[in-house]
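Secondary and tertiary structure notes
Each chain is listed here by its residues.
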Amino acid sequence: MTIPEAFTELPTVAPQLRALRRRASLTLEAAAGAAGLSPAHLSRLETGQRQPSLPMLLSLARIYSTTVSELLGETAADRDAVVRAADMEPTVAGGWTYVQAGAAGRGMQALRVQVPHGSQGDIVRVHPGEEWLYVLKGRLRLRLGDTTHRLGPGDSAHFDSLTPHRIAAQDPDGVELLFVHTLLQSPTATLCLGPTPGETP
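Just so it is clear, the model here is predicted, and its values are computed rather than measured.

Cut-offs used in this document
- Residues numbered from 1 in each chain as written.
- Predicted model: local features only at pLDDT ≥ 70, side-chain atom pairs only at ≥ 80, totals over all residues.
- Heavy atoms only, no water.
- Helix = DSSP H or I, 4+ residues; strand = E, 2+ residues; numbered from the N terminus.
- Buried < 20%, exposed > 50% of the residue type's maximum accessible area, 1.4 Å probe, protein only.
- Arc of directions from axis to C-beta.
- Contact = heavy atoms within 4.5 Å.
- Pairing = 2+ DSSP bridges.
- Axes fitted to C-alpha atoms, helices over the stretch in contact; angles between N-to-C directions.
- Salt bridge = Lys/Arg side-chain N within 4 Å of Asp/Glu carboxyl O.
- Parallel < 35°, antiparallel > 145°, perpendicular 65-115°, else oblique.
- Nonpolar A, V, L, I, M, F, W, Y, C, P; charged D, E, K, R; others polar.

Turning to unusual backbone geometry, a few remarks are in order. You will see that Ser-25, though not glycine, has its phi angle at about 60°, which is positive. Examined against the element boundaries, Ser-25 turns out to sit in the loop between helix 1 (14-23) and helix 2 (28-35). Not every positive phi belongs to a glycine, and Ser-65 is a case in point at roughly 55°. Relative to the helices and strands, Ser-65 is located in the loop between helix 4 (54-63) and helix 5 (68-71). In this structure Ser-65 comes out as exposed when scored by relative accessible area, which is 67%.

Take a look at the structure:
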């Protein structure tokens, strides 16, 4: 799914990962073993050479007896828990309309998405993270790998974003989705955006 750039930005987590591990009095080897990672992998996370997935953040937060928000360097005052409909401005990108349905800068991002018929349906996307979508109105054609699924109102899908996927509205009136993704900043984050005008897909 196309993700507007404004919705993919997260704070740098590397300094927090190292500081919280030391606060928990854990060696690199002990923390990595508890999280099911190699010490080298955890070291790369702590130096910012790699960005963690949401499952990794959840695991590290549990091991360090903290929250994902603290791992991300947030404080309780930084984010409001409630998002008011009147405060959300729609964003249009690639013909799709997005309305943010959750606070920005968290490990998960929630959006309401309107997908017009015939818009971006031929773009194959592959990127880090997970996606969950729920069809609010209309019918959706979702291709995951070599399998095509048709979803109607009330249907949902939850999949690994590294699975090549295409999303298209099946009806002329388009489709409206509730969409949650765990895309973190990474060198490959732009892969979810599809080709820019003038580029070959």
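Picking up after the structure, the text goes on.
This paragraph deals with helix 1. Within helix 1, the full set of buried residues consists of Ala-14, Leu-17, Leu-20 and Arg-21. The buried residues of helix 1 occupy an angular sector of 140° when the element is viewed end-on, so they sit on one face. Counted as exposed and oriented over 90 degrees from the buried face of helix 1: Pro-15 and Arg-22. Those residues of helix 1 that are buried lie in contact with helix 2, helix 3 (39-46), helix 4 and helix 5. Positive phi appears at Ser-25, one or two residues downstream of helix 1, with a value of about 60°.

Let's shift gears to the sheet that holds strand 4 (residues 130-137). Pairing within the open sheet is antiparallel, and its six strands lie in the order 1-2-3-9-4-7. The outermost strands of the open sheet, each flanked by one partner alone, are strand 1 (91-93) and strand 7 (156-160). Averaged over all neighbouring strand pairs, the angle between strand axes comes to 25°, with direction disregarded. Looking at chain direction, strand 1 and strand 2 (residues 96-100) are connected through three bridges and run antiparallel. Looking across to strand 2, one finds that Ala-93 is bridged to Trp-96.

Bringing the pattern of salt bridges into the picture now. One pass over the structure, following the stated rule, counts four salt bridges. Its salt-bridge partner being Glu-46, residue Arg-18 comes within 3.4 Å of it at the nearest N-O pair. With a gap of 28 residues between them, Arg-18 in helix 1 and Glu-46 in helix 3 connect regions that are remote in the sequence. With its nearest N and O atoms 2.6 Å apart, the salt bridge here joins Glu-46 to Arg-21. Highlighted residues: Glu-46 in helix 3 and Arg-21 in helix 1, separated in sequence by 25 residues. Each member of the pair, Glu-46 as well as Arg-21, is classed as buried. Here the salt bridges do not stand alone but share partners, grouping Arg-18, Arg-21 and Glu-46 into one network.

Below, the discussion takes up the side chain of Thr-66. Among the secondary structure elements, Thr-66 is positioned in the loop between helix 4 and helix 5. If we skip the residues at most four places from it in the chain, Thr-66 touches Leu-20, Arg-23, Ala-61 and Leu-71.

Attention now moves to the packing of helix 1 against helix 3. The geometry of helix 1 relative to helix 3 is characterised by a closest axis approach of 7 Å and an angle of 125° between their N-to-C directions. Judged by the inter-axis angle, helix 1 sits oblique to helix 3. Seen from helix 1, the contacting residues are Ala-14, Leu-17, Arg-18 and Arg-21; seen from helix 3, they are Leu-42, Leu-45 and Glu-46. Here the contact of helix 1 with helix 3 is composed, by residue class, of four nonpolar, no polar and three charged.

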